[in-house]
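# Coordinate analysis (summary)
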Amino acid sequence: GDEPLVLGIETSCDETGVGIVRGTTLLADAVASSVDEHARFGGVVPEVASRAHLEAMVPTVQRALDQAGLKASDLDGIAVTAGPGLAGALLVGVSAAKAYAYALGKPLYGVNHLASHICVDQLEHGRLPEPTMALLVSGGHSSLLLTEDITSDVRPLGATIDDAAGEAFDKVARVLGLGFPGGPVVDRMAREGDPEAIRFPRGLTGPRDAEYDFSFSGLKTAVARWVEQKRRAGEQVPVADVAASFQEAVTDVLTRKAVKACRANGVDHLMIGGGVAANSRLRAMAEERCERAGIRLRVPRPGLCTDNGAMVAALGAEMVWRGRPASAIDLSADSSLPV
Ligand code: KG4
Ligand code: ZN
């Protein structure tokens, strides 16, 4: 039958994303980022992000429609990130989506940001097998989610108890003086370093620790202390080795727990999503360990792992496809929306 044509709007953090999909086919993916405006603060400033979303919203919607060669009236629905995320930033997207839906007379679908990070993989690898284990690693989240039905049954098995994985990358990059966002540059530096040079701690991997929770705050502190000691001794900091060893500790814990969660739940498909899924070492290590465990791995291409509108459209289209009810026009943003 005809696959639904859906436009998705994402404004949970610092990217204004607008995507258009037909079912599981990507038609347009327009993103405007305010990341450069946050760089000098070393992290995302909520007020700056909200203002940037306001300015970028209408032009980005138009850019997506142009890319797809469509008119707004062609759409079957408007999907939007309802949460979790920055309250003010979310509000800009939700307000815009409601206005478009109301003006065009189209159904509105409020979707969960974490679920859409998982659903985006459908645009690259086709419909998600059920169940699928999802490892979601971004600047705001590090979670293991057992996904039985992406529109209605996503069960959190564990999450970070302190910093998110991406946050740890950003903070370590700052300690090393590498700039923001830290993930991509640590990834690049690590290629020239020795991942075994320094044995940094693997958080929450002891026998009495929560099996599927993560902790990266201790690791971040260990890296900062190690670097500080070198500097105080007047020695040169081996930046590439520190980056590689830190990255090894993060990816070791993430992949170990993800594979363990698959095995314990009898799930043989693992997807990895979120900005940190763009990490080259995480991708390589996951491939190796999944292969050994007989688990099929799905990781979207890096451009679909970071925040974007296509992932929202993908989940909206899935909701239409499965006949899920639309949201009421008084839909509100919820900064701590659970999956
Ligand atoms: O999913 P995302 O775009 O936004 C959030 O929802 O947080 O993720 C952004 C995070 C940042 O912390 C960034 O440093 C990290 O993803 N990141 C990476 C890489 N590319 C982006 N971390 C490690 N390696 C990368 N290649
Ligand atoms: Zn995200």
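Within each chain, residues carry numbers counting from 1 in the order of the written sequence. Both sets of labels track the order of writing: A upward for chains, 1 upward for ligands. With the structure being a predicted model, the display of local features is reserved for residues of pLDDT at least 70 and the display and counting of side-chain atom pairs for 80 or more, all residues being used for whole-chain, interface and lining totals.

### Considerations on the sheet that holds strand S4 (residues 77-83)
- A strand pair is defined by DSSP finding two or more bridges across the two strands. Helix and strand assignments follow DSSP, with helices taken as H or I runs no shorter than four residues and strands as E runs no shorter than two, numbered in order from the N terminus. Pairing is mixed in the open sheet, where five strands are placed in the order S3-S2-S1-S4-S5. If you trace the sheet from one side to the other, it starts and ends with strand S3 (25-33) and strand S5 (108-112), each paired once. Put simply, the sheet's adjacent strands are angled 20 degrees from each other on average, direction ignored.
- We call two residues in contact whenever the C-beta atoms placed from their backbones are within 7 Å. Every axis in this analysis is a line fitted to C-alpha atoms, fitted for helices over the stretch in contact. Angles between the N-to-C directions lie between 0 and 180 degrees. Its contacts with the sheet put helix H2 (residues 46-68) on strand S1 (5-10), strand S2 (15-22) and S3, and the angle it makes with S2 is roughly 25 degrees.
- Those strands touched by helix H12 (residues 310-321) are S1, S2, S3, S4 and S5, and its axis lies near 135 degrees from that of S1.

### Concerning the UniProt feature "binding site: Fe cation" (unreviewed entry) in the protein chain
- UniProt positions are given in the numbering used here, feature names are shortened, and annotations may be inferred rather than shown by experiment. Here the UniProt feature "binding site: Fe cation" (unreviewed entry) sits at His-113, His-117 and Asp-307. The named residues occupy 195 residues along the chain; their greatest pairwise C-alpha distance, 9.0 Å, places them in one compact cluster.
- The residue His-117 is located in helix H4 (residues 113-119) in this model.
- For the exposure call, what matters is how many other C-beta atoms sit within 10 Å of a residue's own: 20 or more marks it buried, 12 or fewer exposed, and in between partly exposed, using C-beta atoms placed from the backbone. What makes His-117 buried here is the crowd of 31 C-beta atoms within 10 Å.
- Not counting residues up to four positions away in its chain, the partners in contact with His-117 are Leu-136, Gly-273, Gly-274 and Met-311.
- Tracing the backbone through its elements, the reader meets Asp-307 in the loop between helix H11 (302-305) and H12.
- Beyond its immediate stretch of four places on either side in the chain, Asp-307 contacts Glu-10, Ser-12, Cys-13, Glu-15 and Gly-17.

### Looking at the sheet that holds strand S10 (residues 296-298)
- The strand order S8-S7-S6-S9-S10 describes an open sheet built from five strands, whose pairing is mixed. A single partner strand is all that each edge strand has here, and the edge strands are strand S8 (153-159) and S10. Each adjacent strand pair in this sheet contributes to an overall mean axis angle of 25 degrees, direction not counted.
- Here strand S7 (residues 142-149) pairs with S8 via six bridges, running antiparallel. Opposite Thr-147, over in S8, you have Val-154 as the bridge partner.

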